[in-house]
Amino acid sequence: MHRMCSTCGKHFVGPNKDMIIECKALRHVVISVADKWDHEETFDPVNLKMNDYNEDWHNKQGTMIARVIARGELETYDETVTYVCRVCKSSLIFKADKDKEVPEAPKCNDCSVKMKRDEAACKVKLIRSLILQEPFGEAKHMTPMTMESIITGENTKNVYIGQDKILSGIFKSVKQKKNTNKIIFDIEKLADIDEKKDNLPNDEDIEKFKEMMKEDWIVKLTDSFAPEIWGLQNEKEALILSLVSGEKIGDLRGDINTLLVGDPSTAKSRLLKYVLKVTSKSAYALGRSTSAAGLVMGIDKLQDGRNVIKAGPVVLCSGGCVCIDEIDKMADQDRSALHEVMEQQSATLNKIGSNLTLPAKTVIIAAANPRTSKYNTGLSISQNINMPDSLLSRFDLIFLIRDIADKDIDIKKLRHISKVRQNKNDCEVLDIEEMTKLINYAKKFNPIVEPENMQMLEDFFVELRGYEQTEDSLSIDMRGFEGLIRLATAHAKLRFCDKIEKQDIDEAIRIYR
């Protein structure tokens, strides 16, 4: 049967019985529809989208791409059951039906005695419960649909939380108590999906970036970052550096975490929303409606009583970014779940019967309001921020954004807003796609720091630690020095350099101040 590879566009020959096969020429994973499947013309079993589910899919086989967001414990079900008569020792063997169910013990035809189960002769098969989520790009109204699923056999050992998979199976309905059916996707085959390639610039884009570097490079970047927002150049630069981040060395994290603390209406949330636009793997969370289980990881109970471990956006966006708005509104016990994520870059769940640690190499960018809504100059910085020092110390950069009445600045802001409303904003140098390409390309570099430049950082930090710290001031600890190194590394990456030079050190110190 001739099929066409959706990647290379060339024909090849594949077996009819397989749904997921491989292009022999270029080794692309492609999807083939078996001729023996009897499906209506209105039902295309290839590349299904979870949000398009309707009653026509019932008991039909199909293929879709989905992310595993929850995984249950490894269990078994009866594949074949043997019943033996207690009197005459005759036996009957039953195979599980398509719903993986076997009949109860019958009566012996000869003795009319209820037969008993012969455990030694029974055969079982592995089974695991999953919860699948459609890709964010396919979600309607930014609300990804989820679907319960089961997987059997050796494939139960090949699925992990956070993985994207090509899944082939049958859409089934399971009877519930209140005369309704629950949709279950019974997975028969699966294949790994290639890692989504970052949106990288071509040679022409790289030349454009290098030409822009010759003059006011950082200013051009900050003008292009959330161009509808006037000012906040330092804050915008910090967010760009956070998205590029430093390099992970051993167990030392490379991600740069940033906190924006400011008065209401200072565009903190707008900045977070723009971060989501320029990062392919990101998520947004609102502090007042977020729990530790929902944000990081927790245990979810299915309707049949079984428990599954369900990952939150911090785990699912490992390698990306999570923006948490109003982080100060989160409960202390929920915020404490971020401690491990922001420093060890992992998430651990320890419950009775469940002990799991998952990678969470996620950049945390958060926004918060002062304790009294507006910043109170009569209080110290630590008194204005309603967050514990243990969490604040994990942020490499903390910015205070104040809304102070100033006639000249207010006029500039108003004129800028007017231009944006009239689509006459001329300060944007790079659009969203170009900004995304630039950030992804900068991440590819791995600059190293020379000893003399490292000495500059050490001297600055010793001087900083030497300042008198009051009881109410923010503490300056050794995490701050590691943050300085990450900032200098990220700035060198933004210049597409393999070495951290003096200008990178100077800019890291400036932005850290």
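Since we're looking at a predicted model, the values are computed, not measured.

### Regarding the side chain of S393
Secondary-structure assignment places S393 in the loop between α10 (389-392) and β21 (397-401). Overall, the relative accessible area of 15% leaves S393 in the buried class.

### Looking at the pairing of β21
One face of the sheet, then the other: side chains in a regular strand alternate in exactly this way. Going residue by residue along β21, you find L397, F399 and I401 tucked away on one face and I398 and L400 left uncovered on the opposite face. Pairing of strand β13 (residues 258-262) with β21, which is carried by five bridges, proceeds in the parallel orientation. Across the sheet, L259 pairs through a bridge with I398, a residue of β21.

### Quick look at the packing of helix α14 (residues 478-494) against helix α15 (residues 502-512)
Between two packed helices, both the angle of their axes relative to each other and the distance between the axes serve to describe the pair. Where α14 contacts α15, the two axes come as close as 8 Å, and the packing angle between them is 125 degrees. When the axes of α14 and α15 are compared, the pair comes out oblique. Both α14 and α15 take part in a crossing whose hand is right-handed. On α15, the residues touching G480, L484, L487, A488, H491 and A492 of α14 are Q503, D504, I505, E507, A508, I509, I511 and Y512. Of the residues that constitute the contact of α14 with α15, the class distribution is nine nonpolar, three polar and two charged.

### A closer look at the confidence of the model for the protein chain
Of all residues in the protein chain, 85% have pLDDT values of 70 or greater, and the mean over the chain is 79. Averaged over each element, pLDDT in the protein chain is lowest for strand β3 (residues 20-22) (40) and highest for strand β20 (residues 363-368) (90). Overall, residues 1-43 carries pLDDT values under 50, and its contacts beyond four positions in sequence, including any with other chains, amount to 84 contacts.

### Some thoughts on the environment of A285
Mapped onto the elements of the fold, A285 is located in strand β14 (residues 282-286). Look at A285 and you get buried, because its relative accessible area is 6%. Not counting chain neighbours up to four residues away, the residues in contact with A285 comprise T290, L295, C323, I324 and D325.

### Considering the nonpolar core
Judged by nonpolar contacts, the single largest core of 57 residues is most densely connected at F225, I365 and L494. It is α14 that provides the largest number of residues to this core, a total of seven residues. Those residues in contact with I365 that sit more than four places away from it in its chain are L239, S242, L243, T258, L272, V275, C321, V322, C323 and I324. Judged by nonpolar contacts, the second largest core, of 38 residues, contains V315, C317, M387 and L391.

Parameters at a glance
Residues numbered from 1 in each chain as written. Predicted model: local features only at pLDDT ≥ 70, side-chain atom pairs only at ≥ 80, totals over all residues. Heavy atoms only, no water. Helix = DSSP H or I, 4+ residues; strand = E, 2+ residues; numbered from the N terminus. Buried < 20%, exposed > 50% of the residue type's maximum accessible area, 1.4 Å probe, protein only. Pairing = 2+ DSSP bridges. Axes fitted to C-alpha atoms, helices over the stretch in contact; angles between N-to-C directions. Parallel < 35°, antiparallel > 145°, perpendicular 65-115°, else oblique. Left-handed = near helix turned anticlockwise from the far one by under 90°. Contact = heavy atoms within 4.5 Å. Nonpolar A, V, L, I, M, F, W, Y, C, P; charged D, E, K, R; others polar. pLDDT = per-residue confidence, 0-100. Core = buried A, V, L, I, M, F, W, Y, C linked by side-chain atoms within 4.5 Å.

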